[in-house]
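Coordinate inspection notes
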Amino acid sequence: GLNGAELSIGWVLPFAGILLCIAICPLAVPHFWHGNYGKVAVFWALATAVPLFVIYGGGVAAGSVAHALIGDYIPFIIFVGSLYTVAGGIHIRSSFTGTPLTNTCFLALGAVLANIMGTTGAAMLLIRPLIAANAHRRYDMHTFVFFIFIVANIAGSLTPLGDPPLFLGFLRGVDFFWTAEHLILPMLTAVGLLLALYFVMDSVLFNKEKDEFLLAESTCTKEPFGVEGKINFALLGVIIGAVLMVGVWDSGMEFTVLGVHLTGQGVLRDVIFLAAAGLSLALTPADVRSANQFTWEPVLEVGKLFFGIFVTIVPVLEMLRAGLDGAFAPVVALAPVVAMVTNADGTANNAMYFWMTGALSSFLDNAPTYLAFFNMAGGDASVLMTEGALTLMAISMGSVFMGANSYIGNAPNFMVLSIVQERGLKMPTFFGYLLWSG
């Protein structure tokens, strides 16, 4: 395999390049970006893969890229795409008005649903009716930013269904309800503070436009509440069941593809995801998706950009795993307080576990980041759930909470961004969003 200790700092450049393109190009060259972002992602992926083949040979390069694509990217995009397809077949018809109280209730409901159907499922289900409720609001950008904070990230911290990092912990022996028992107070604190802050902010902004908003609302025809495409709730249940199946059932079937270890239950899970998406497309009336203004652009954008991210991140993760033996050693030497997660007496420095896991989860995929620090803390779930409970809490909160720090910290962040922009609504730039999350 690829040895992170042998890699120079130059291997970071493709990953940095794709991040900078995501941050700068939509603002600097919007027309070029929207027509060519897939080609840009492939360019940076090749900027990593081709040098790997040239320098380390086909075996090492193919194995490294295969692990990223077959082991991580394909299951990731199948899961995200299936949830997007199924949730996009549910149309919530109503005459919700985007008042501060209504919007806050939307965010609170999303916080609950995020732990049942995952942050991606909850975000895809509620973002469209939230946009509709705020159709006549002049100030609405903050609503979608807080939606990403709460529904697409922080609230999904109570069950393995909520966010992928917690599901990895579940697969490695963390009890299903351990996260709910230990993270309920931190989650309620964070979400409660955000909901209170949002309600105050939205109330101030609402009062600036109250008269024009109420006038616009008074001219609209009110629709009775209704839900169309109900079959998709059953299909969401099928997807949730498939996720749980992997954690509780061992098929006994194992095989490798291009050196990537796969299990029978993992492959069956992905087949079930695809089947659920296919059934959703076949059974949902076309007018329901039309009412949702459903398009494939958001999931295509996530698929193309994250393809580049998953490939370019390969050497970065290997260098991080190498620790003091890798190219990041000078950084570690210059910043020992930030870098070290172990106290002088050998005990875990839980504050550093939280901040380091969170900082990396803000820009790297939060699932492998969680796993890296889970293993760094010993990797024994029975120990981490008991005497190491604070350490496991720190790792769990850092990876889930701080996935909200950037658009690429968690997949639903980008999907929400794409759906909102598709409706012609304004969202912060990449760096503007970092200011909000900061």
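All values derive from a computational prediction rather than experimental measurement.

Our next topic: the pattern of salt bridges. Scanning all chains against the criterion turns up five salt bridges. For Glu 228, the salt bridge identified is with Arg 93, shortest N-O distance 3.3 Å. Taken together, the residues Glu 228 in strand β2 (residues 226-228) and Arg 93 in strand β1 (residues 91-93) connect sequence positions 135 residues apart. By relative accessible area, Arg 93 is classed as partly exposed at 22%.

What follows is about the nonpolar core. Soluble globular proteins tend to pack their nonpolar side chains together in the buried interior. Within the largest apolar cluster, 134 residues are counted, with the highest numbers of intra-cluster contacts made by Ile 22, Phe 76, Phe 147, Ile 150 and Phe 414. Ranked by residues supplied to this core, first place goes to helix α2 (residues 30-87) with 21 residues. Non-local contacts of Phe 414, meaning those with residues more than four positions away in its chain, are made with Ile 22, Glu 301, Val 302, Leu 305, Phe 306, Tyr 407 and Ile 408.

This part is about the environment of Tyr 370. Along the polypeptide, Tyr 370 turns up in helix α14 (residues 366-376). Residues Tyr 370 and Val 204, 166 residues apart in the sequence, show an inter-C-alpha distance of 38 Å. Setting aside residues up to four positions removed in sequence, Tyr 370 forms contacts with Pro 165, Leu 166, Leu 168, Gly 169, Val 174, Leu 392, Ile 395, Ser 396 and Ser 399.

So, about the layout of surface pockets. Roughly 450 Å³ of volume is contained in the second largest pocket. Ser 94, Ala 132, Ala 133, Ala 135 and Glu 223 are, among the 25 residues lining the second largest pocket, the residues nearest its centre. Taken together, the elements giving at least two residues each to the lining of the second largest pocket come down to β1 and α3 (100-133). Here the element with the most residues in the lining of the second largest pocket is α3; it accounts for five residues. Looking at the lining of the second largest pocket, its residues break down into 10 nonpolar, eight polar and seven charged.

Each value, and the rule that gives it
Residues numbered from 1 in each chain as written. Predicted model: local features only at pLDDT ≥ 70, side-chain atom pairs only at ≥ 80, totals over all residues. Heavy atoms only, no water. Salt bridge = Lys/Arg side-chain N within 4 Å of Asp/Glu carboxyl O. Helix = DSSP H or I, 4+ residues; strand = E, 2+ residues; numbered from the N terminus. Buried < 20%, exposed > 50% of the residue type's maximum accessible area, 1.4 Å probe, protein only. Core = buried A, V, L, I, M, F, W, Y, C linked by side-chain atoms within 4.5 Å. Contact = heavy atoms within 4.5 Å. 1 Å grid on protein atoms, 1.4 Å probe; cavity = no way out; pocket = protein on both sides within 12 Å on 5 of 7 lines; lining within 4 Å. Points joined across faces, edges and corners; volume = space filled by probe spheres on them. Nonpolar A, V, L, I, M, F, W, Y, C, P; charged D, E, K, R; others polar.

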